[in-house]
Amino acid sequence: MRGGDARMSRLTRRLAFAAALVLLAAMPYMLDAYRLDLLAGGLAYGLMAASLAFLVGHGGLPSLGHAAFLGVGAYAAGLTAKHVTPNVALQLLVAIAAGVLFALLTGWFAVRTRGFFFLMFTLAIGEIAVQAATRSTRVTGGDNGLADIPPTGLDVVTFYWWALAVVAVGFGVLVLLRDGPLGRSIAGARENEARMAALGYHVTGVRLAAVVIAGAVCAAGGALVEQKDTFVAPTHLEIGVSVLLLIMVLLGGRQTLIGPLIAGVGLIVLRSVTSTALGELWLLVEGALFVICVYLLPNGLLGRRRAQAA
C-alpha cells in the first residue's frame, strides 16, 4: 500500500473509531438501565478479547489461560475496594499493576516455550490460578467468592461512561503499541525469531513485553467486571472463560483488534438474550453460531490477511 493510501486508511479507521465512541457515549439516552448495564459488561469482555487478540494474532502466542489475568485484575480491584478505598480509578490502577506483576512472574517462564508447549503452559497457569483463588479462603473467599465488596457509588449511566472510557483508553493503548516500534518488534519475533535475534533484538524480552501488555489490559477489563458486579469468584478464572475469550478472538478475526472487541460485546449480549429466552438451549445457539462463522468466515467477521488491520 502506498504512503498516501496508508495514511488515508489510518485516518478512515480513526474517524470510524471516533464515530463509534460518540454513538456508544449516547447509548444512555437510548437504552434502559438493564441494557446499559449489559452493554457495559460486554465492553469489558470486548476489551479483554482485544487484549488476547494482541497476544494471539499479533504476538503469535496462543493462550488458554488468559482468564487468569481477568481474575487477578478483578480480585485486586475487589480487595482494594473492600479494604482500602472506594475510588474506582485507584482500584483500576491496582488491578493493572497486579496484572503486570502476574504477567512478569508467569510470562518469564511461559515465553521460553514455543507453540503447543506455550499453549499448555498457559493452561497450567490458568489452572494454578483457579486453585490459588479457591484455596486462599481468607483472602479470596474460596469457592464462595469475594463477597461484601462495596458498590462503586456510581449510578448505571455514570458507571457505563466510566467503563466506556476505560475500554476506549485500553483499546487505544493496544493499537498504539501494536503500530509502534515495540509492536513491530513483537510481529517480527512472531514471523522470524532467528532473524530478529541476528539483528540484535532480545526475542525473549520482546515476547515477554507482549504478554505483559496483554495481561495488563485484560486485568483492567477484569476490574470493570468486578466493579459492575461487585463480586468475583474462582469461576472467573476457569478455562471456560479463557475459551470464551478465544472464541471472541476467532469470531472477530485474530488479525485485528477491533473485530474481537465487537465480537466480545455481541457475544455477551447474545448470551444474555438467548439464555433468558431459551434457558440451557442457549449453548446450542452459541455453538451453532461459532461453527457457522468458522466455516463461512475462517478469518473472522472483520478478519483480514494483513496483520496491521485495525
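Quick caveat: nothing in here was measured; it's all calculated off a predicted structure.

## Focus: the packing of helix H2 (residues 33-58) against helix H12 (residues 258-278)
Moving on, step 1. It is the contact of H2 with H12, at a shortest axis distance of 7 Å, that shows an interaxial angle of 140°. The angle between the axes of H2 and H12 places the two elements in the oblique class. Here the hand of the crossing between H2 and H12 comes out right-handed. In this structure, H2 contributes Tyr34, Leu38, Leu39, Gly41, Gly42, Leu43, Tyr45, Gly46, Leu47, Ala49, Ala50 and Ala53 to the contact, and H12 contributes Pro260, Leu261, Gly264, Val265, Ile268, Val269 and Ser272.
Moving on, step 2. Looking at the contact of H2 with H12 residue by residue, the classes come out as 14 nonpolar, five polar and no charged.

## A short note on the nonpolar core
Moving on, step 1. If you look at the biggest cluster of nonpolar residues, it comprises 83 residues, and the most contacted ones within it are Tyr45, Tyr160 and Met248.
Moving on, step 2. Broken down by element, this core gets its largest block of residues, 16 residues, from H2.
Moving on, step 3. Those residues in contact with tyrosine 160 that sit more than four places away from it in its chain are Leu24, Ala25, Met27, Pro28, Leu36, Leu39, Ala40 and Leu43.

## Quick word on the UniProt feature "transmembrane region" (unreviewed entry) in the chain
Moving on, step 1. In this numbering, the UniProt entry assigns the feature "transmembrane region" (unreviewed entry) to residues 43-76, 88-111, 159-177, 198-225, 231-250, 257-275 and 281-302.
Moving on, step 2. The span residues 159-177 carries 100% helix and 0% strand; its end-to-end C-alpha distance comes to 27 Å.
Moving on, step 3. As a span, residues 257-275 carries 95% helix and 0% strand, and end to end its C-alpha atoms are 27 Å apart.

Thresholds, definitions, all that
- Residues numbered from 1 in each chain as written.
- Predicted model: local features only at pLDDT ≥ 70, side-chain atom pairs only at ≥ 80, totals over all residues.
- Heavy atoms only, no water.
- Axes fitted to C-alpha atoms, helices over the stretch in contact; angles between N-to-C directions.
- Helix = DSSP H or I, 4+ residues; strand = E, 2+ residues; numbered from the N terminus.
- Parallel < 35°, antiparallel > 145°, perpendicular 65-115°, else oblique.
- Left-handed = near helix turned anticlockwise from the far one by under 90°.
- Contact = heavy atoms within 4.5 Å.
- Nonpolar A, V, L, I, M, F, W, Y, C, P; charged D, E, K, R; others polar.
- Core = buried A, V, L, I, M, F, W, Y, C linked by side-chain atoms within 4.5 Å.
- Buried < 20%, exposed > 50% of the residue type's maximum accessible area, 1.4 Å probe, protein only.
- UniProt positions renumbered as here; feature names shortened; annotations may be inferred.

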